[in-house]
Amino acid sequence: MPAEARLADGVRLAVTTFTTLPLRAGRVDRAAAARAMALAPAVGALLGALLGGVLLLTAALAPPLVAAGVTVALGALLTRGLHLDGLADTVDALGSYRRGAAALEIMKKPDVGPFGVVALVVVLLLQAAVLAELAGRGWAAALAAVVAATAAGRLGVAVACRRGVPAARPDGLGALVAGTVGPVALVVGTAAVALLAVPAVPGRPWQGPVAVLAALAVAVGLLRHGVRRLGGITGDVLGAVVEIVTTLVYLGLVLSG
């Protein structure tokens, strides 16, 4: 298969995995999955640019908190709410204190337990609060913050899919993408997202990159715990990583000291 076709398959898989954009399906295999997960931060950056534009446009017409709520809602809509669903399922499974198959069974249930509900409420409230604050910054800083945080969330998925991390099940998204991302893609992705975060905090160019690196470090620790409890990663775990890393980066960008 020509290199252009292989890259196109990876792009299509990345876009259809992380957004609702209706693209024609291409080849779906481990090779395409590796390219898709490596490209995940780029898809996140494009999505973040759209969300940041909506935030700034809406903030010019409505109070900041309203603009933030619209932006959070649009982000959920453009991802089919799958990442939020993954967060709720993962937190419910880990909160049950069960391990292995028993914990995975909880993740498969269609209902959301109390741990999952609390996780969703906290994450959505924090994202909305931060976006409301960002709406009051200059347009360049606000746009950079949303782009960097959204890209970082998808970079967290690439980190979760790095080599050596197993899948919890023999089938599903986790089995397709687990262990597909090599170190070069991770280094390049991390450097690119950190660079995007430089203008996110006016007068403190170091704060954005530090927020990205700190969020990824927390994600690595949480992933280790999840792998110990679940036996590996699943699609739900990847969704949880997106929301957790995105939220942590947002928080890091509004901290002052």
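Remember, predicted model here, so these are calculated numbers, not experimental data. (Residues numbered from 1 in each chain as written. Predicted model: local features only at pLDDT ≥ 70, side-chain atom pairs only at ≥ 80, totals over all residues. Heavy atoms only, no water.)

**Section: the UniProt feature "transmembrane region" (unreviewed entry) in the chain**
Okay, so step 1: UniProt tags residues 32-55, 61-78, 112-132, 138-161, 173-200, 206-223 and 235-255 as "transmembrane region" (unreviewed entry).
Okay, so step 2: Between the end C-alpha atoms of residues 138-161 the distance is 35 Å, and the span holds 92% helix and 0% strand.
Okay, so step 3: This span, residues 235-255, is 95% helix and 0% strand, and a straight line between its end C-alpha atoms measures 31 Å. (UniProt positions renumbered as here; feature names shortened; annotations may be inferred. Helix = DSSP H or I, 4+ residues; strand = E, 2+ residues; numbered from the N terminus.)

**Some points on the packing of helix H4 (residues 82-95) against helix H5 (residues 100-108)**
Okay, so step 1: Running from amino to carboxyl end, H4 crosses H5 at an angle of 145°, the nearest separation of the two axes being 8 Å. In this structure, H4 crosses over H5, and the sense of that crossing is right-handed. Residues Asp 89, Thr 90, Asp 92 and Ala 93 of H4 form the contact with H5, whose participating residues are Ala 103, Ile 106 and Met 107. (Axes fitted to C-alpha atoms, helices over the stretch in contact; angles between N-to-C directions. Left-handed = near helix turned anticlockwise from the far one by under 90°. Contact = heavy atoms within 4.5 Å.)

**Here's the deal with the nonpolar core**
Okay, so step 1: Among the nonpolar cores identified, the biggest contains 69 residues, and Met 37, Leu 131, Cys 161, Ile 233, Val 245 and Val 249 are the most heavily contacted of them.
Okay, so step 2: In terms of residue count, helix H7 (residues 139-160) provides more of this core than any other element does, 13 residues in total.
Okay, so step 3: Contacts of Met 37, omitting those with residues within four sequence positions, involve Phe 18, Val 157, Ala 158, Cys 161, Val 177, Thr 180 and Val 181. (Core = buried A, V, L, I, M, F, W, Y, C linked by side-chain atoms within 4.5 Å. Buried < 20%, exposed > 50% of the residue type's maximum accessible area, 1.4 Å probe, protein only.)

**Quick word on the packing of H4 against helix H11 (residues 235-254)**
Okay, so step 1: Where H4 meets H11, the closest approach of the two axes is 7 Å, and the angle between their N-to-C directions is 105°. Here H4 lies roughly perpendicular to H11, going by the angle between them. Taken together, the residues of H11 that come into contact with H4 (itself represented by His 83, Leu 84, Asp 85, Gly 86, Leu 87, Asp 89 and Thr 90) are Asp 236, Val 237, Gly 239, Ala 240, Val 242, Glu 243 and Ile 244.
Okay, so step 2: Residues of the contact of H4 with H11, tallied by class, amount to 6 nonpolar, 4 polar and 4 charged. (Parallel < 35°, antiparallel > 145°, perpendicular 65-115°, else oblique. Nonpolar A, V, L, I, M, F, W, Y, C, P; charged D, E, K, R; others polar.)

**Re unusual backbone geometry**
Okay, so step 1: If you check the backbone angles, Arg 80 has positive phi at about 60° while not being a glycine.
Okay, so step 2: The residue Arg 80 is located in the loop between helix H3 (64-78) and H4 in this model.
Okay, so step 3: Within the chain, Tyr 97 stands out as a residue other than glycine whose phi angle is a positive 65°.
Okay, so step 4: Inspection of the secondary structure puts Tyr 97 in the loop between H4 and H5.

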